[in-house]
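Examination of the molecular architecture
So the chains spell out like this:
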Amino acid sequence: MNQEDYATQNARGAAPDPGDGAEATRRDAGEAESSRASRGWWDRNADEYQSEHGAFLGDDRFVWGPEGLDEAEAALLGPAASLRGKDVLEIGAGAAQCSRWLAAQGARPVALDLSHRQLQHALRIGDDVPLVEADAGRLPFRDASFDLACSAYGAVPFVADPVNVMREVRRVLRPGGRWVFSVTHPLRWAFPDEPGPEGLSVSASYFDRTPYVEQDEEGRAVYVEHHRTVGDRVRDVVAGGFRLLDLVEPEWPAWNSQEWGGWSPLRGNLIPGTAIFVCERD
């Protein structure tokens, strides 16, 4: 998982107090402002993020979300044996944990992230996976370069124009290529971002698409997260040139006792926390 890594602890779906003197608000935020805020936020917070969650993520494990659903079990990209020799793009790769797992299956992954500091953590763990620092909305690859693309909480929740990202992913995929991405489940937008009982009562409209923004004293966004309903996400996938093959909503497993921001066993046993979209290029 990654900036992927799931929604951050300061995400709309993760912490009631923005901290660092930032003001939490709801307002419009365009593509350039959202990208700039995401890059800065992850560069500043990558060290803390990897320190706090690195053990759960592992160095070479492919986890789709805080529930702990593992690609080794889920096979959403296809059976592990089928990955051998495949060119795979991981978007929002963070420290490239998922890409390392893919490489161990014989795939040829490329790990892309907006944050320079996150990619430095990838190098700290190992230099066995190609790393690219770039924006998901402007992928620096030729058409039809990859067989598969994936993103575990990366990029998609943080961009103002998700259809553009879908179209860019489609462009770099070969015909029939699979695109699998996970995001905070849209239903969570209506609930307070708390792991305890206070996080089980609806406090906002599920249909309010106004972005969650943390901004500094000058009103500059330092963190932005965009909300889309389930229907919005499906329409984004279709508008981007994909067919939706499956929508996976992982249940909270009995073995997982951790709290991760607003994710917890209490909430996870009652409401979905993650949505995984399994798509295929038309």
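Above this text is the structure in question.
Anyway, here's the lowdown on the structure attached to this text. The numbers attached to residues start from 1 for each chain and follow its sequence in the written order. Owing to the predicted nature of the model, reporting of local features is limited to residues with pLDDT of at least 70; listing and counting of side-chain atom pairs is limited to 80 or more, with chain, interface and lining totals taken over all residues. Each side-chain value is derived from all of the structure's non-hydrogen atoms; neither hydrogens nor water enter the calculation.

Here we come to the environment of Arg-281. Helix and strand assignments follow DSSP, with helices taken as H or I runs no shorter than four residues and strands as E runs no shorter than two, numbered in order from the N terminus. Looking at the secondary structure, you find Arg-281 in strand β10 (residues 274-281). Residue contacts for Arg-281: discarding those within four places in its chain leaves Arg-170, Leu-173, Arg-174, Pro-175, Gly-176, Gly-177, Gly-241 and Phe-242. N or O atoms within 3.5 Å of each other form a polar contact, as long as, within protein, one can give a hydrogen and the other can take it, and as long as residues adjacent in sequence are counted only when both atoms are side-chain atoms. Reaching out from Arg-281, the side chain makes a polar contact with the backbone oxygen of Leu-173 at a distance of 3.1 Å. Only heavy atoms enter the contact rule, under which two residues are in contact if any of them lie within 4.5 Å.

A few words on the sheet that holds strand β1 (residues 23-26). Sheets are built from strands paired through backbone hydrogen bonds, the pairs being either parallel or antiparallel. With respect to topology, three strands assemble into an open sheet ordered β1-β7-β8, the strand pairing being antiparallel. Of all strands in the sheet, those bounded by a partner on one side alone are β1 and β8 (221-225). With strand direction ignored, the average angle separating the axes of adjacent strands in the sheet is 20°. Here the rule is simple: two strands pair whenever DSSP picks up at least two bridges between them. Bridging between strand β7 (residues 212-215) and β8 involves four bridges; their strand directions are antiparallel. Its bridge partner lying in β8, Glu-214 is registered against Tyr-223. Here, axes are lines fitted to C-alpha atoms. For helices the fit covers the stretch in contact, and angles between N-to-C directions go from 0 to 180 degrees. Relative to β8, helix α1 (residues 31-57) is tilted by about 105°, and along the sheet it contacts β7 and β8.

A positive phi angle is found at Ala-96, which is not glycine, with a value near 65°. Within the secondary structure, Ala-96 is located in the loop between β2 (87-91) and α3 (97-104). Even without a glycine there, the phi angle at Ala-144 is positive, about 55°. Note that Ala-144 resides in the loop between β4 (131-133) and β5 (146-152). By relative accessible area, Ala-144 is classed as partly exposed at 34%. To sort residues, take the accessible area from a 1.4 Å probe on protein chains only and compare it with the maximum for the residue type: under 20% means buried, over 50% means exposed, and anything in between is partly exposed.

Attention shifts here to the pattern of salt bridges. Salt bridges are defined by distance alone: a side-chain nitrogen of Lys or Arg within 4 Å of a carboxyl oxygen of Asp or Glu. One pass over the structure, following the stated rule, counts 20 salt bridges. Ionic pairing is found between Arg-243 and Asp-282, a salt bridge with its closest N-O pair at 3.2 Å. In this pair, Arg-243 sits in strand β9 (residues 242-248) while Asp-282 sits in the segment after β10, placing the two residues 39 residues apart along the sequence. Residues joined by salt bridges that share partners form a network here, namely Asp-87, Arg-108, Asp-147 and Arg-174.

Using a 1 Å grid laid over the protein atoms alone, points where a 1.4 Å probe fits but cannot get out form a cavity; open sets with protein on both sides within 12 Å along at least 5 of 7 lines form a pocket; any residue with an atom within 4 Å of a point counts as lining. Grid points are joined across faces, edges and corners, and a volume is the space filled by probe spheres set on the points. Evaluated as defined, the whole model comprises two cavities of 30 Å³ or more. Approximately 230 Å³ is the volume attributed to the largest cavity. Together, 22 residues line the largest cavity, and Leu-114, Asp-135, Ala-136, Ala-155 and Val-159 are the ones closest to its centre. Listed by contribution, the elements that provide at least two residues to the lining of the largest cavity are α1, β3 (108-113) and α5 (162-172).

With that settled, the discussion passes to the nonpolar core. Buried together is how nonpolar side chains tend to be arranged in soluble globular proteins. Nine residue types can take part in a nonpolar core, namely buried Ala, Val, Leu, Ile, Met, Phe, Trp, Tyr and Cys, and a core is a set of them joined through side-chain atoms within 4.5 Å. Grouped together as the largest cluster of nonpolar side chains are 26 residues, with contacts concentrated most on Leu-89, Ile-91, Val-169, Trp-179 and Phe-181. Where this core is concerned, the elements lending two or more residues are β2, β3, β5, α5, β6 (173-184) and β10. If near-sequence neighbours (up to four positions away) are discounted, Leu-89 is found in contact with Val-110, Leu-112, Leu-139, Phe-141, Phe-146, Leu-148, Ala-149, Cys-150 and Val-172. If you look at the next biggest cluster of nonpolar residues, it comprises 18 residues, including Trp-64, Leu-83, Cys-98 and Val-248.

Turning to the packing of aromatic side chains, a few remarks are in order. When two rings of Phe, Tyr or Trp (its six-membered ring) have centres within 6.5 Å they constitute a pair, described as stacked for plane angles under 30 degrees, edge-to-face for angles over 60, and tilted for the intermediate range. Applying the stated rule across the entire model yields 14 aromatic pairs. Ring centres of Trp-42 and Tyr-49 lie 5.2 Å apart, and the angle between their planes is 85°; on these two criteria the pair is classed as edge-to-face. Just as Trp-42 is buried, Tyr-49 falls in that class too. Just above the ring of Phe-56 sits the side chain of Arg-61; from NZ or CZ to the centre is 5.2 Å. Either the NZ atom of lysine or the CZ atom of arginine qualifies as a charge over a ring when it sits within 6 Å of the ring centre and within 35 degrees of the ring normal. Taking NZ or CZ as reference, Arg-188 lies 4.6 Å from the ring centre of Trp-263, over its face.

Function cannot be inferred from these measures alone, as they are strictly geometric.
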